[in-house]
Every structure is written in structure tokens, then in C-alpha cells.
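Residues per chain, in single letters:
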Amino acid sequence: MHGYSVFSILRNGLSGQKHWPRAWRAPTPKRAYDVIIIGGGGHGLATAFYLAQNHNIRNVAVLEKGYIGGGNVGRNTTIVRSNYLLDGNTQFYEFSLKLWEDLSRSLNYNVMFSQRGQLVAAHSPDQLDGFSHRANVMRLNGIDVEVLDRDEVQRMVPYLDYSDTARFPIYGAHWQSRAGTARHDAVAWGYARAADANGVDIIQNCEVTGFVYEGERIVGVETTLGRIGGGRIGLAVAGHTTTLGSKAGLELPIESHILQAFVTEPVKPIVHQTIAYGADHFYVSQSDKGGLVFGGALDGYNSYAQRGNMGIVREVAEAAVAFMPCISRLRLLRHWGGVMDMTPDASPIIGPTPIEGLFLNGGWCYGGFKATPASGWCFAHTLAHGTPHPLAAGFSLDRFRRGHTIDEAGIGPFHWLQ
């Protein structure tokens with residue numbers, strides 16, 4: 001791992017930042033690797049790191065068609081939490097949160113994980129009862145959580161709309177104190193740097209254009225930098241999963257949609273937690289620079305473009321002002337889109353595919369960023385052993401054929417928070 005002395009920091013500062021070493025190498029691709037991971041986002045990089053760290057598999061290439069951090073890992077609202085309801089998801093996301101809590105030390109890189117907590121407001125007695133049910137499930141799995149009444153919510157977040165004319169009155173909230181945020185680009189850089197230090201080749205500007213077969217087995221990939229052989233191939237390309245899957249002849253139960261995110265002009269600290277509107281699609285936190293970072297629902301059409309439309313801008317702004325009237329005069333600095341790979345049940349796919357030698361990590365819907373450490377941990381296990389990790393056994397691709405879905409999308413008011 002890199003370490004910098006006071007002298008080196010001064011030297012680089014005074015020389016116009018000309019002598020810093022690369023955070024990771026820029027290698028020429030080898031002819032073949034034990035494992036090839038397609039996708040240099042958080043999940044692909046985490047997989048490469050845990051392959052080396054947990055399984056001593058270091059002859060690994062991560063192929064990224066653009067640059068590290070240019071995809072969904074750098075285009076999200078950075079919220080990390082484990083308040084899931086359904087068996088399989090509950091344990092998986094709690095394991096991920098535990099990995100987050102030690103991630104800066106594991107990577108020897110500050111990912112700026114801030115456990116500021118998450119509050120989700122309830123806007124009817126029935127919704128508050130649903131939150132109590134979720135809290136009980138979490139407690140049975142050893143996950144700390146509280147259900148707050150209206151007065152407790154008002155003491156914690158006094159800037160919400162508690163008036164008699166509120167569009168959706170606040171009855172209470174679901175509160176997870178260990179939830180929080182992380183710096184998304186630091187997560188990508190930290191995993192890339194740590195994987196590189198373990199011998200992984202990170203190859204940027206290398207687009208996969210096809211797959212190489214021996215009989216029925218995939219044994220390599222065709223890329224813009226030439227053919228590269230691989231013992232096992234892992235797909236971790238988020239919203240472009242169907243595109244790569246189709247090149248391999250794989251038909252997947254996934255649609256790609258746009259999810260927009262927004263940031264306002266900076267203001268003095270006001271939002272000290274991450275908070276979500278239980279009545280509509282809105283969730284917000286405040287960045288270290290003072291901007292409010294928030295998001296809403298999917299754009300309602302299929303697309304691979306990293307941009308959105310004005311209809312969602314209006315809907316998210318309306319929800320923001322209904323929930324937090326005090327921000328009505330803030331100016332938006334920018335908004336952007338990430339390409340989401342959506343499964344029918346809003347739960348991911350991690351495991352082997354019907355094509356020998358090809359493995360899939362995708363379908364993360366709204367849960368991709370918070371799942372990054374556990375996703376990489378479990379996918380690394382699958383690529384190392386050829387079988388699913390016990391924590392991800394329920395996320396198999398064939399669950400849709402068998403009817404064993406983990407339908408977090410259909411269980412009520414939390415579905416849009418996934």
C-alpha cells in the first residue's frame with residue numbers, strides 16, 4: 001500500500017502535483033487470466049479485491065470500457081443501510097453494512113463512511129404498523145432499529161412539514177442509526193488501488209465486443225484491445241447487463257431504466273441524517289460541501305443513456321417541497337442519471353449462468369451502491385469455487401423459472417427505497 005511522508009506531500013504540492021505515483025498501474029493486457037471481470041465499477045473492483053484477498057486468486061483482469069468511476073458507482077446518492085424485510089435480503093445487506101464499517105481499514109483508504117443514520121417517515125397509522133413489522137424482522141436478525149413516534153421525529157428533524165395542512169401528515173418514523181453515506185468515488189478508487197496492490201490488472205478503455213467459445217464453454221473475450229483468454233468470466237456491468245448478456249446468447253429478466261439524482265447549491269448544515277419520504281419517491285442527505293443530495297423514482301422508459309427527463313425533475317421537486325418546505329427556494333446545481341438494471345422482484349442476481357464459464361452479478365435495482373462490499377465478497381466466492389456463496393444462494397438466476405422470487409418490490413411502502 002502507498003504511504004506518503006510529509007516531505008513527499010510538500011514536494012508534490014510545491015511542484016504542481018507532478019510527482020505523485022499512480023494509484024494503480026496501467027498494464028498491457030496479458031494473453032490470458034484465471035478470472036476476467038467485465039465492469040470496472042464498485043462491484044467489479046470489489047470482486048477483484050476479494051478474489052485476491054480472500055481466495056489468493058491474483059491472476060485477474062478487470063476490463064472497463066471507459067474509466068474507473070465513470071458508471072453507476074459514481075452516479076448515485078451514496079446511501080448505505082440494511083433495513084430490508086425479506087429473508088435473504090435482510091441478512092445480505094446487514095453483512096454488507098458490517099463490511100462497510102471496516103472498509104476504510106480493509107482497503108487502507110478512507111472511503112469517508114459516515115454513519116449518520118437513516119430516518120424514513122411514516123404518513124399513516126398503517127404505514128407505521130408496517131415499519132414496526134419491518135423493525136421486528138430486523139431485530140430477529142440482530143439488526144438494531146427503532147420505531148419513533150411523531151414527537152421523537154420532530155425533535156430529530158424539526159424542518160419537516162408538521163403543520164395541519166401537510167399533504168401527508170407525519171405519524172412517526174423508522175430509524176436505523178448505523179446507516180449513513182460513503183464517498184462514492186473514494187469507494188471506487190479505494191477498491192481499485194487495493195486490488196492493484198494485490199496484483200490485479202485494471203485495464204481501462206477496453207470494451208468487450210464478444211465472447212470466445214470452446215464447444216459450449218466461454219473461454220475468453222474479444223475486446224477493443226484484442227482477444228483475452230479467461231478461465232472464468234464474470235459480468236458486473238450494471239445497467240448494461242442485457243447488452244453484454246445478449247452478446248453471449250444469454251436472455252435475462254432485466255430491464256434498464258434511468259434513475260436521476262440531484263444536488264442543490266450549498267447551505268449551512270441542516271440535514272444531519274439521511275431521510276426519506278414514506279409517502280412519495282424522495283430521499284435526501286447533505287454533502288460535506290453543503291449541497292443537498294437527493295433522488296426520486298425511475299424515469300418511466302427503457303434507456304441506456306446517463307441522462308433523464310424533466311418530468312421526474314418536477315416530480316422530485318414537488319416531493320421535496322411537500323416534505324421539506326424550507327428548501328423550496330434552493331437552486332439546483334445539477335442533476336444526472338444512472339442506468340439501473342431492474343429485475344422483476346427488485347432483488348439481484350449473483351451466480352452461475354446456463355453458459356459454462358460465464359457468471360453474472362447484476363440486477364441491483366436501487367440497491368447497488370450499498371451492496372458493493374457484500375456483492376464483491378459473494379461474487380468472488382462464486383468465481384473462486386464455481387458455486388454460490390451461502391449469503392447469495394437465494395439470488396440465483398433460475399429463481400424466476402422456479403417461482404422462488406425475493407419480491408422486495410411487492411411488499412409495500414419500502415419497495416421504492418431498494
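Just so it is clear, the model here is predicted, and its values are computed rather than measured.

What counts and what doesn't
- Residues numbered from 1 in each chain as written.
- Predicted model: local features only at pLDDT ≥ 70, side-chain atom pairs only at ≥ 80, totals over all residues.
- Heavy atoms only, no water.
- Domains from an automatic or database assignment.
- Buried area = accessible area lost by both parts, 1.4 Å probe.
- Salt bridge = Lys/Arg side-chain N within 4 Å of Asp/Glu carboxyl O.
- Helix = DSSP H or I, 4+ residues; strand = E, 2+ residues; numbered from the N terminus.
- Nonpolar A, V, L, I, M, F, W, Y, C, P; charged D, E, K, R; others polar.
- Phe/Tyr/Trp six-rings, centres within 6.5 Å; stacked < 30°, edge-to-face > 60°.
- Buried < 20%, exposed > 50% of the residue type's maximum accessible area, 1.4 Å probe, protein only.
- Lys NZ or Arg CZ within 6 Å of the ring centre and 35° of its normal.
- Core = buried A, V, L, I, M, F, W, Y, C linked by side-chain atoms within 4.5 Å.
- Contact = heavy atoms within 4.5 Å.

Moving on: the domain arrangement of the protein chain. Per the domain assignment, the segments of the protein chain are domain 1 (23-79 + 85-95 + 97-108 + 184-254 + 345-402) and domain 2 (110-180 + 256-342). Relative placement of domain 1 and domain 2: their C-alpha centres are 28 Å apart. Note on domain 1 versus domain 2: buried area summed over both sides is about 2900 Å², and carbon and sulfur give 56% of it. Counting across the interface, domain 1 meets domain 2 through two salt bridges. In this structure, E94 engages R178 in a salt bridge whose closest nitrogen and oxygen atoms are separated by 3.0 Å. Of all elements in the fold, only α3 (89-101), α4 (103-107), α7 (184-197) and α8 (241-247) reach the threshold of two or more residues within the side of domain 1 that touches domain 2. Looking at the side of domain 1 that touches domain 2 element by element, the count peaks at seven residues for α3. Class assignment of the residues belonging to the side of domain 1 that touches domain 2 gives a composition of 14 nonpolar, 16 polar and four charged.

This next bit is on the packing of aromatic side chains. Within the structure shown, the criterion is met by 16 aromatic pairs. Ring centres of Y84 and Y93 lie 3.9 Å apart, and the angle between their planes is 5°; this geometry places the pair in the stacked category. Overall, Y84 belongs to the buried group, its relative accessible area being 1%. Residue Y93 is classed as buried on the basis of its relative accessible area of 3%. Of the aromatic side chains, those joined through ring pairs into one cluster are F168, F262, Y277, F282, F294 and F323. Looking at R167, its charged tip hangs above the ring of F168, at a distance of 4.4 Å from the centre.

Bringing the pattern of salt bridges into the picture now. Inspection of every chain in the model, using the stated rule, returns 15 salt bridges. In this structure, D398 and R402 form a salt bridge, with 3.2 Å as the shortest nitrogen-oxygen distance. Residue classification places R402 among the partly exposed positions, given a relative accessible area of 36%. Taken together, the shared-partner salt bridges connect E94, E101, D144 and R178 into one network.

With 48 residues, the main nonpolar core has I37, F92 and Y191 as its most contacted residues. Breaking this core down by element, the ones donating at least two residues are β1 (32-38), α2 (42-55), β2 (60-63), α3, α4, α7 and α10 (372-385). When near neighbours in sequence (up to four residues on either side) are disregarded, Y191 contacts L45, A46, F49, Y50, L103, L107, T372 and P373. Counting 27 residues, the second largest nonpolar core, distinct from the first, contains V153, F294, I312 and A320.

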